[in-house]
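Observations on the three-dimensional arrangement
The lines below spell out each chain.
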Protein chains: 2
Amino acid sequence: MKALEEKIAREGKIFPGNIVKVSGFLNHMIDVQFMMQIGKEIADLYEGSGVNKILTIESSGIAIAVCAASYMNIPVVFAKKSKSINIANDVYSAKVASFTHKTTKDIIVSKEVLSKEDKILIIDDFLAEGNALKGLMSIVEQAGGEVKGCAIAIEKGFQGAGDKLRNEGVRVESLAIIDEMSDSSIKFREVV
Amino acid sequence: MKALEEKIAREGKIFPGNIVKVSGFLNHMIDVQFMMQIGKEIADLYEGSGVNKILTIESSGIAIAVCAASYMNIPVVFAKKSKSINIANDVYSAKVASFTHKTTKDIIVSKEVLSKEDKILIIDDFLAEGNALKGLMSIVEQAGGEVKGCAIAIEKGFQGAGDKLRNEGVRVESLAIIDEMSDSSIKFREVV
């Protein structure tokens, strides 16, 4: 998505450790008009795919998921991050390590909101090491549902997790893929 | 908002301790079509008020805020809950006690996304003891901005915090106000 690449190049900030901050429009302040364009793009990509529910993870995935859902006329479920102390019986759960925060958390989804009938589109803001995606995929699997694919705003292509999932047959659609980054520049993958 | 009262009565679940769970459509699974109606209602209430930015708090406020913002053509900022360990210099912060979780957390907003030029609409899913609202109002004050008002999906009127804020001159618009609840029933305030 050219408009997203341009916005990252213009407004994103690069920090040591291959971190690109887009908190001015994506995950702290949200440019909702722009986010609706992202949502429309995702809805177009998954048109006719049979998806009936979006699964995302708090907090940064929620805005993108809601915008996509508004075009797809389907509900959103967001997984909650839990303190890992005691996981209740009435939830599906998975362990997820955070690339940015260097911590591991349990994520949970109530059994009431996910079932074996569900055809799921997983949405998140970033794909780095793929840990959140794998956790969300595990939760859908526990529910007996089907993952129809994933949609990501920004993929760090150089970390390889997105391509690994694609090679395993998972549909992963990223709107901008960063193939290289340095302290001063970002190189995006050419999208055919 | 009659449609919200009916949805709470139909799909909400009452738990001991005056807790009403609406995780089937508001804050775990999100009925996005319905949430867009809530957003439209909020946009109508604040039309012409001069609001230029919405402030909410992760995670449950984000979906409502994004839906309202999509009608108001303004950005959303969501405050993040922090671990209270060390608050950086580049953020505004406030302490917020949670009614549901019986904990106190710091909430933070980057100084980059809030300024003295901002006319803020604060949005949240629930208003119980008013602690989140007060924390968000404090953050706007620290930034030198102006709170034009608050919009809440569900207010627990019997806890009094909403009316107290109104008596202090704060504009608080709640789409459904619960004035009484028991183990089996919910009574809503008549809205003129």
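Since we're looking at a predicted model, the values are computed, not measured. (Residues numbered from 1 in each chain as written. Chains lettered and ligands numbered in written order. Predicted model: local features only at pLDDT ≥ 70, side-chain atom pairs only at ≥ 80, totals over all residues. Heavy atoms only, no water.)

Looking now at the pattern of salt bridges. Residue and element names in this part refer to chain A. By the definition in use, this model includes 36 salt bridges over all chains. Measuring nitrogen to oxygen at the nearest pair gives 2.9 Å for the salt bridge that ties Arg-166 to Asp-163. Taken together, the residues span about one helical turn, with Arg-166 and Asp-163 both in helix α5 (residues 161-167) at a distance of three residues. The exposure class assigned to Arg-166 is partly exposed, which follows from its relative accessible area of 25%. (Salt bridge = Lys/Arg side-chain N within 4 Å of Asp/Glu carboxyl O. Helix = DSSP H or I, 4+ residues; strand = E, 2+ residues; numbered from the N terminus. Buried < 20%, exposed > 50% of the residue type's maximum accessible area, 1.4 Å probe, protein only.)

Before going further, it helps to examine the relation of the copies chain B and chain A. For the match of chain B to chain A, the screw axis carries a shift of 0.0 Å, the RMSD comes to 0.0 Å, and the turn is 180 degrees. Look at the turn and shift together and you get a two-fold axis relating the two. In terms of proximity to the rotation axis, the leading residue of chain B is Ser-59 of chain B, whose C-alpha is 2.7 Å off the axis. A shared binding surface is used by both copies, with 100% of the interface residues of chain B retained as interface residues in chain A. (Least-squares fit on C-alpha atoms with pLDDT ≥ 70 in both. Contact = heavy atoms within 4.5 Å.)

Along an α-helix, residues three or four positions apart point the same way, because every turn accommodates 3.6 residues. For helix α2 (residues 32-45) of chain A, with 14 residues, the first-to-last C-alpha span of 20 Å sits near the 20 Å given by 1.5 Å per residue. Looking at α2 of chain A, one finds that the buried residues are Val-32, Phe-34, Met-35, Met-36, Ile-38, Gly-39, Ile-42 and Ala-43 of chain A. (Expected span 1.5 Å × (residues − 1).)

A few words on the packing of α2 of chain A against helix α3 (residues 60-72) of chain A. All names here are of chain A. At a minimum axis separation of 7 Å, α2 and α3 run at an interaxial angle of 55 degrees. The angle between α2 and α3 places the two elements in the oblique class. Note on packing geometry: the crossing formed by α2 with α3 is right-handed. Between α2 and α3, the residues in contact are Met-35, Met-36, Ile-38, Gly-39, Lys-40, Ile-42 and Ala-43 and Ala-63, Ile-64, Cys-67, Ala-68, Ser-70, Tyr-71 and Met-72, respectively. Broken down by class, the residue content of the contact of α2 with α3 amounts to 11 nonpolar, two polar and one charged. (Axes fitted to C-alpha atoms, helices over the stretch in contact; angles between N-to-C directions. Parallel < 35°, antiparallel > 145°, perpendicular 65-115°, else oblique. Left-handed = near helix turned anticlockwise from the far one by under 90°. Nonpolar A, V, L, I, M, F, W, Y, C, P; charged D, E, K, R; others polar.)

Before going further, it helps to examine the environment of Ser-98 of chain A. Among the structural elements, Ser-98 of chain A can be located in the loop between β6 (91-97) and β7 (104-110). Put simply, Ser-98 of chain A and Ile-30 of chain A are 68 residues apart on the chain and 21 Å apart in space, counted from C-alpha to C-alpha.

Time to look at helix α1 (residues 2-11) of chain A. Residue and element names in this part refer to chain A. For α1, every residue scored as buried is listed here: Leu-4, Glu-5, Lys-7 and Ile-8. Each buried residue of α1 sits inside an arc of 165 degrees when the element is viewed along its axis, so together they form one side. Every exposed residue of α1 that faces more than 90 degrees away from the buried side is listed here: Lys-2, Ala-9 and Arg-10. (Arc of directions from axis to C-beta.)

Applying the stated criterion across every chain, the model contains two aromatic pairs over all chains. A centroid spacing of 6.1 Å and a plane angle of 85 degrees characterise the contact between Phe-25 of chain A and Phe-34 of chain A, whose relative ring orientation is edge-to-face. Here Phe-25 of chain A matches Phe-34 of chain A in class, with each residue buried. Between the NZ or CZ atom of Lys-7 of chain B and the centre of the ring of Phe-34 of chain B, over which it lies, the distance is 5.0 Å. Directly above the ring of Tyr-46 of chain B sits Arg-171 of chain B, whose terminal nitrogen or CZ lies 4.0 Å from the centroid. (Phe/Tyr/Trp six-rings, centres within 6.5 Å; stacked < 30°, edge-to-face > 60°. Lys NZ or Arg CZ within 6 Å of the ring centre and 35° of its normal.)

Here the focus is the packing of α3 of chain A against helix α3 (residues 60-72) of chain B. Interhelical geometry of α3 of chain A versus α3 of chain B gives an angle of 50 degrees and a closest axis separation of 9 Å. Taken together, the axis directions place α3 of chain A and α3 of chain B in an arrangement best described as oblique. The handedness of the crossing between α3 of chain A and α3 of chain B is right-handed. Listed contacts from α3 of chain B to Ile-62, Ala-63, Val-66 and Cys-67 of chain A of α3 of chain A are Ile-62, Ala-63, Val-66 and Cys-67 of chain B. When its residues are assigned to classes, the contact of α3 of chain A with α3 of chain B shows eight nonpolar, no polar and no charged.

For the rest of this paragraph, the subject is the interface of chain B and chain A. Every contact between the two is made by 30 residues of chain B and, on the other side, 30 residues of chain A. Carbon and sulfur atoms supply 64% of the area that chain B and chain A bury against each other, a total of about 2600 Å² over both sides. The largest per-residue losses of area from chain B upon contact with chain A belong to His-28, Met-29 and Phe-78 of chain B, which jointly make up 24% of the total buried on that side. The tally of links from chain B across to chain A stands at two salt bridges. Of all elements in the fold, only β3 (29-30), α2 (32-45), α3, β5 (76-82) and β7 (104-110) of chain B reach the threshold of two or more residues within the side of chain B that touches chain A. Taken together, the residues of the side of chain B that touches chain A break down into 17 nonpolar, eight polar and five charged. Note that strand β3 (residues 29-30) of chain A and β5 of chain B share two bridges and pair antiparallel. Following the sheet pairing, Ile-30 of chain A is matched in β5 of chain B by Val-76 of chain B. (Buried area = accessible area lost by both parts, 1.4 Å probe. Pairing = 2+ DSSP bridges.)

As a further point, take the confidence of the model for chain A. Summary statistics for chain A give a mean pLDDT of 94 and a share of 96% for residues scoring 70 or more. Across the assembled chains, the prediction reports ipTM 0.95 with pTM 0.96. (pLDDT = per-residue confidence, 0-100.)

A cis amide bond, omega -10 degrees, links Glu-58 of chain A with the succeeding residue Ser-59 of chain A. With respect to the secondary-structure elements, Ser-59 of chain A resides in the loop between β4 (53-57) and α3. Phi is positive for Asn-18 of chain B, close to 60 degrees, though the residue is something other than glycine. The topology assignment puts Asn-18 of chain B in the loop between β1 (13-15) and β2 (19-21). Of the residues examined, Asn-18 of chain B reaches a relative accessible area of 34% and is grouped as partly exposed.

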